[in-house]
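# Structure at a glance
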Protein chains: 2
Amino acid sequence: MITFSEENYLKAIYHLGKFGNALVSTNAIADKMDTKASSVTDMIKKLAEKELVAYTKYQGTTLTEKGRLTAATVIRKHRLWEVFLVEKLNFNWDEVHEVAEQLEHIKSEKLINQLDAFLEFPTHDPHGDPIPDKEGNFKKTNKELLANLAKATHCICIGVKDSSSEFLRYLDKHKIALGTAIEVLSKETFDDSMVIQVAGKTLTISKEVSNNLYVKAQ
Amino acid sequence: MITFSEENYLKAIYHLGKFGNALVSTNAIADKMDTKASSVTDMIKKLAEKELVAYTKYQGTTLTEKGRLTAATVIRKHRLWEVFLVEKLNFNWDEVHEVAEQLEHIKSEKLINQLDAFLEFPTHDPHGDPIPDKEGNFKKTNKELLANLAKATHCICIGVKDSSSEFLRYLDKHKIALGTAIEVLSKETFDDSMVIQVAGKTLTISKEVSNNLYVKAQ
DNA sequence: ACTTATTTTTAGCCTTGTCTAAAATTTAAT
DNA sequence: ATTAAATTTTAGACAAGGCTAAAAATAAGT
Ligand SMILES: [Mn+2]
Ligand SMILES: [Mn+2]
Ligand SMILES: [Mn+2]
Ligand SMILES: [Mn+2]
C-alpha cells in the first residue's frame, strides 16, 4: 500500500522531471515539497526500495515506469476532482486546488472511472492542464505563452501556468477565462508589458501576466 | 487539526455511546476499531487532552459536546458521500462503505455543503440511516425490526441494521430494497423464521434476516 | 591543483499511532 | 470477605515521516 506522502513525492518528481524522464535533484524535491533535503533522502530510499524510483546516491532520482504511472494516476485523480468541483459543485477555479490535494489520494479505481464517466470524460482541468488517461498518457497540446506572441496576433486563452488564487482572481477581475479570445495590440520592449484586447476592452498587462497565460494562436 | 485516526475513534465512541450520551468502555472501542485496548487508552488520553471526550481512568469515556459535533460531522460526510456514490456514480449500495470511509475525512466545509445541495439535501443514506445536519442533529424516525412485527402486518423496508456486502447482496437477490413493501404471512416460533410476501413472491427468511431489516408498519 | 562553497547523506532525536507484556484496578464468584 | 477473573492502564518497543547538526561528496573559483 502506498501512502499519501509517497504519492506526493512521486507527483513532485514527476513534475520536476518533465513527466518522469529527467534526473531530479534532492534539493529540487525538498524545495517543491517544502521539506528538508534530509527528509527527501529518507523518502527516496523508501521509494527506491518499492521500485517506484531509480536512485543513485549523490546523482539524483528518476521515476521508474511503475512510479511514472502511479504519479500520473494521482494527477489524473487531482484534475478530475478539480473538474468535478467546478462543474458540479460550483467552486470557482481558484478554490479547487487545496481540496483536490486531499481528494487525489482516495483509493478506488471504480470511483475514479465512474467520476470520469459522470464528468463525460473531460480532457482538461479547470486550469487548462491535460487529464491523463488510465494508462497515464495524454496528448500534449501545442500551447504557448501569451508573452511570446507578436503584435496583432489573435489567440484564445487555453490555460494558466501560475494557478495561484491571486493570479486566477486577477484574471476573473479582467474577464479572462479559458476560451476567452485575446488580441495582442502592442508590446512594450522596455518592460515587456502588453496592451491586449479582451472582452471588448483594452487592457495593459505586465510580463508577469503574459508569462503565465497559455494561449493558442488563431 | 484533527487526524483521521482521531476522527475514527470519535465516530466509534459516538456509535457505541448511543449518539454521544452513554459511557463507553475501552474494550468496546478496541473491539469496534479492531485494535488493542492499550492503543485505545493512549488515544483516549489524546482526545481528552483536546477536550473531545470526557475520560476517567477505569470508568469509561463519553463525548463532550465538541466531540459529539465532530463525530456527527464525520458521519454526515460519510453518508452524504454514500448518497453521491449511489445516486451519481452508479455504485451499488453494497459497494459504497469502504470508499466513504476514506471520503469522510476530507476537510472542506464548502465541499460538504455544496455536495449536500448538489444531492438536493438528502435525509437518509443508501442504507436508510439518517444524515445529520450541520449542527449534527437529525430527527430519529420510528423504525422497527421486521422480526418484531406480527403476522399479517404490512410494512415498508426503510433501512438495514447489518450493512455488510453479503447481507445487501442477499437483499438484492430477493428484490428487497429501501421502499419495498413487505407483508408478514406467518411466523415460525421454533426458529423465528418468517414467511413474507415481497415483490409479488413469497419468501421464507431466517431470524438473521428479519433481525437486520428495519421497517415502518403501514 | 587546491581551496572553498554547495549539495547530499548520515546520525541521532521527536511525534503519532500502533503493538506486547506486565502491573493495577474493578468485577464476579465463591 | 477473599479469591479468581476480567478489564484497563502502564511501560517499553517499533515503523513512518519529519527535524537538526555534522560528515561526506560533488561542484566552483582561483
Ligand atoms: Mn490543482
Ligand atoms: Mn489544476
Ligand atoms: Mn457506511
Ligand atoms: Mn451507510
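Predicted model, so just to flag it, every value in this text is computed and none were measured. (Residues numbered from 1 in each chain as written. Chains lettered and ligands numbered in written order. Predicted model: local features only at pLDDT ≥ 70, side-chain atom pairs only at ≥ 80, totals over all residues. Heavy atoms only, no water.)

As a further point, take the coordination of the manganese ion (ligand 2). Geometrically, a metal with four donors at the corners of a regular tetrahedron has ideal angles of 109.5 degrees, and one with six donors at the corners of a regular octahedron has ideal angles of 90 or 180 degrees. Protein coordination at the manganese ion (ligand 2) comes from E82(A) (OE), D125(A) (OD) and H127(A) (ND1), with a distance range of 2.2 to 2.3 Å. Motif for the manganese ion (ligand 2), donor spacing along one chain: E-x42-D-x1-H. (Donors = N, O, S within 2.8 Å, 3.2 Å for Na, K, Ca; no water.)

In this section: the state of the cysteines. Joining two cysteines, a disulfide is a covalent bond between their sulfur atoms. All names here are of chain A. A complete count under the given rule lists 0 disulfides over all chains for this structure. With no disulfide of its own, C155 has C157 as its nearest cysteine by sulfur position, at a separation of 8.1 Å. On the basis of relative accessibility, which here comes to 1%, the residue C155 falls in the buried class. (Disulfide = S-S within 2.5 Å. Buried < 20%, exposed > 50% of the residue type's maximum accessible area, 1.4 Å probe, protein only.)

Right, let's talk about the nonpolar core for a bit. Ranked by size, the top nonpolar core spans 34 residues in total, and within it W81(A), F84(A), L115(A), W81(B), F84(B), L85(B) and L115(B) carry the most contacts. Of all the secondary structure elements, the ones that give two or more residues to this core are α4 (65–87), α5 (97–103) and α6 (109–118) of chain A together with α4 (65–87), α5 (97–103) and α6 (109–118) of chain B. (Core = buried A, V, L, I, M, F, W, Y, C linked by side-chain atoms within 4.5 Å. Helix = DSSP H or I, 4+ residues; strand = E, 2+ residues; numbered from the N terminus.)

For the rest of this paragraph, the subject is the relation of the copies chain A and chain B. By a simple turn and slide, chain A fits onto chain B: the slide is 0.0 Å along the axis, the RMSD is 0.1 Å, and the turn is 180 degrees. In the structure described here, the two chain copies are related by an operation that fits a two-fold rotation axis. If distances are taken from each C-alpha of chain A to the rotation axis, the shortest is found for L103(A), at 3.8 Å. Counting the interface residues of chain A, we find that 100% of their copies in chain B are interface residues as well, pointing to one common contact surface. (Least-squares fit on C-alpha atoms with pLDDT ≥ 70 in both. Contact = heavy atoms within 4.5 Å.)

On to the pattern of salt bridges, then. In the structure shown here, the tally under the stated rule is 18 salt bridges over all chains. The salt bridge partner of E95(A) is K110(B), with a shortest N-O separation of 3.0 Å. One end of the pair, E95(A), is in the loop between α4 and α5; the other, K110(B), is in helix α6, on a second chain. Relative accessible area serves as the criterion here: at 31%, E95(A) is assigned to the partly exposed category. Between R68(B) and E65(B) there is a salt bridge whose closest N-O contact spans 3.0 Å. In this pair, R68(B) and E65(B) are both assigned in helix α4, 3 residues apart and thus about one turn of the helix distant. On the basis of relative accessible area, R68(B) is assigned to the buried category, the value being 15%. Shared partners join several salt bridges into a network, and the residues in it are K11(A), E101(A) and E104(A). (Salt bridge = Lys/Arg side-chain N within 4 Å of Asp/Glu carboxyl O.)

Let's shift gears to the protein's contact with DNA strand D. Not every one of the 21 residues close to DNA strand D is listed here, only the nearest: T35(A), S39(A), K45(B), Y55(B) and K57(B). Atoms of DNA strand D within 4 Å of the protein: sugar and phosphate make up 78%, bases the balance. The side chain of Y9(A) places a nitrogen or oxygen atom 3.3 Å from a phosphate oxygen of DNA strand D. Between DNA strand D and Y58(B) there is a distance of 3.0 Å, counted from a phosphate oxygen to a backbone nitrogen or oxygen. Looking at the surface near DNA strand D, the elements that each hand over two or more residues are α1 (4–16) and α3 (37–49) of chain A together with α2 (26–33) and α3 (37–49) of chain B. (Near = heavy atom within 4 Å. Polar contact = N/O pair within 3.5 Å; in protein donor to acceptor, adjacent residues only side chain to side chain.)

Another aspect to go through is the domain arrangement of chain A. Annotation of chain A at the domain level lists domain 1 (4–63) and domain 2 (144–217). For domain 1 of chain A versus domain 2 of chain A, the distance between C-alpha centres works out to 34 Å. (Domains from an automatic or database assignment.)

Another point: the coordination of the manganese ion (ligand 1). All names here are of chain A. The protein atoms that coordinate the manganese ion (ligand 1) are H78 (NE2), E82 (OE) and H97 (ND1), at distances spanning 2.0 to 2.1 Å. Coordination of the manganese ion (ligand 1) draws on donor residues from a single chain, spaced H-x3-E-x14-H in sequence. A separation of 3.5 Å is found between the manganese ion (ligand 1) and the manganese ion (ligand 2), which are bridged by E82. In this pair, E82 sits in helix α4 while H97 sits in helix α5, placing the two residues 15 residues apart along the sequence.

This next bit is on the protein's contact with DNA strand C. Neighbouring DNA strand C are 21 residues; K45(A), Y55(A), K57(A), T35(B) and S39(B) lie closest to it. If you look at DNA strand C and keep only atoms within 4 Å of the protein, 75% of those are sugar or phosphate atoms. Residue Y58(B) places a side-chain N or O atom 3.4 Å away from a sugar or linking oxygen belonging to DNA strand C. At the level of elements, α2 (26–33) and α3 of chain A together with α1 (4–16) and α3 of chain B are the ones that each hand at least two residues to the surface near DNA strand C. Examining the composition of the surface near DNA strand C, we find that 5 residues originate from one element, α3(B), more than from any other.

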